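# Chain and residue survey
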Amino acid sequence: MVAASLLCSVACGDEEVDVAETQRNSIVSYLTSSHSPRLINKKDVGQALEKNPPFYEQVEYNTFRYIDDYYNPERESRVQVAEGDEVELTFTAYIFSGSTPAVSAIYLTNDQVQIDELRKTGLNVEYWKTEPLKVKIGQTNIIKGVEESLIGCREGDRVEVYMTLDAAYGDEVVGVVPFESSVAWYYTIDKVVR
């Protein structure tokens, strides 16, 4: 990727504003104030007054992950995703605007419930499939932020991932995803195959 696409700067008076940095700030603001449950940064978990506080972690510089069932006592016994594993996902991908993603922000899904909701809005979802998305870690062509977020998750996890443009599509124009958009993927890891 070209360095300019990583910075994605736009002029703002005499200053330059880094679009990815603005998106990172927007994601963190959402996770720590508007998200339900309200999340803290993983590095602050040890200082929290609450036992087992819900948290987000910054997987890579531009990718943020929240695992909904992280404290489930059965979670440790489930297979953990590692490099080379094949992972099957049920997912919904949203254009992220800084607030709770709505049905109108979905740009792709294989979740039958979401497909039914989209059909009710009049969207033609005839060609959308409900089979699990299969991702071979390190080999499948999928957006970088999703692949990064899978490592360390476990089979059965329900995960939310928020990515700035450079962890998602960079400077590529992809169908219904507007140029320089941050995105959110909500997925469940249905199966992990070693």
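Before reading further, recall that the structure is shown in the block above.
Now for a description of the structure that goes with this document. (Residues numbered from 1 in each chain as written. Predicted model: local features only at pLDDT ≥ 70, side-chain atom pairs only at ≥ 80, totals over all residues. Heavy atoms only, no water.)

## Re the overall build of the protein
What counts, and what does not: Here a helix means four or more residues in a row that DSSP labels H or I, a strand means two or more in a row labelled E, and each is numbered from the N terminus. Relative accessibility decides the category of a residue: with a 1.4 Å probe and only protein chains considered, values under 20% of the type maximum give buried, values over 50% give exposed, and everything between is partly exposed. Note on areas: Shrake-Rupley, 1.4 Å probe, and residue coverage restricted to the protein chains presented here.
Helix and strand counts for the protein stand at four helices and 10 strands. Helices (α) and strands (β) of the protein occur, in sequence order from the N terminus, as α-β-β-α-β-β-β-β-β-α-β-α-β-β. The buried share of the protein, reckoned over its 194 residues, is 40%. With the model as given, the accessible surface of the protein reaches about 10500 Å², and the carbon-plus-sulfur share is 50%.

## Description of the pairing of strand 10 (residues 182–193)
The following threshold applies: Strands qualify as paired when DSSP identifies two bridges or more between them.
Relative to strand 10, strand 6 (residues 86–96) runs antiparallel, the two being bridged by 11 bridges. Residue pairing in the sheet places Glu 86 in a bridge with Val 193 of strand 10. Pairing of strand 9 (residues 158–163) with strand 10 involves six bridges; the strand directions are antiparallel. Its bridge partner being in strand 10, Glu 160 is matched across the sheet by Tyr 186.

## Focus on the packing of aromatic side chains
Formally: Pairing of aromatic side chains here covers Phe, Tyr and the six-membered ring of Trp, requires ring centres within 6.5 Å, and sorts the geometry by plane angle: under 30 degrees stacked, over 60 edge-to-face, intermediate tilted.
A full pass over the atoms with the stated rule returns 11 aromatic pairs. With a centroid separation of 5.2 Å and an interplanar angle of 70°, the aromatic rings of Phe 96 and Tyr 162 are classed as edge-to-face. Of the two residues, Phe 96 is situated in strand 6 and Tyr 162 in strand 9; the sequence distance between them amounts to 66 residues. Here Phe 96 and Tyr 162 have matching classes, each one buried. The interplanar angle of 70° and the centroid separation of 6.0 Å between the aromatic rings of Tyr 107 and Tyr 169 together place this pair among those described as edge-to-face. Note that Tyr 107 is positioned in strand 7 (residues 106–109) and Tyr 169 in the loop between strand 9 and strand 10, a separation of 62 residues in sequence. Among the aromatic residues, those joined into a ring-pair cluster are Tyr 30, Tyr 94, Phe 96, Tyr 162 and Tyr 186.

## A closer look at the pattern of salt bridges
Keep this limit in mind: Salt bridge, as used here, is a side-chain nitrogen of Lys or Arg placed within 4 Å of a carboxyl oxygen of Asp or Glu.
Applying the stated rule across the entire model yields 12 salt bridges. One salt bridge connects Arg 24 with Glu 21, and the closest N-O pair in it is separated by 2.4 Å. In this pair, Arg 24 and Glu 21 both sit in helix 2 (residues 19–34), three residues apart, roughly one turn of the helix. What emerges from the salt-bridge pattern is a single network uniting Asp 69, Arg 75, Arg 78 and Asp 157.

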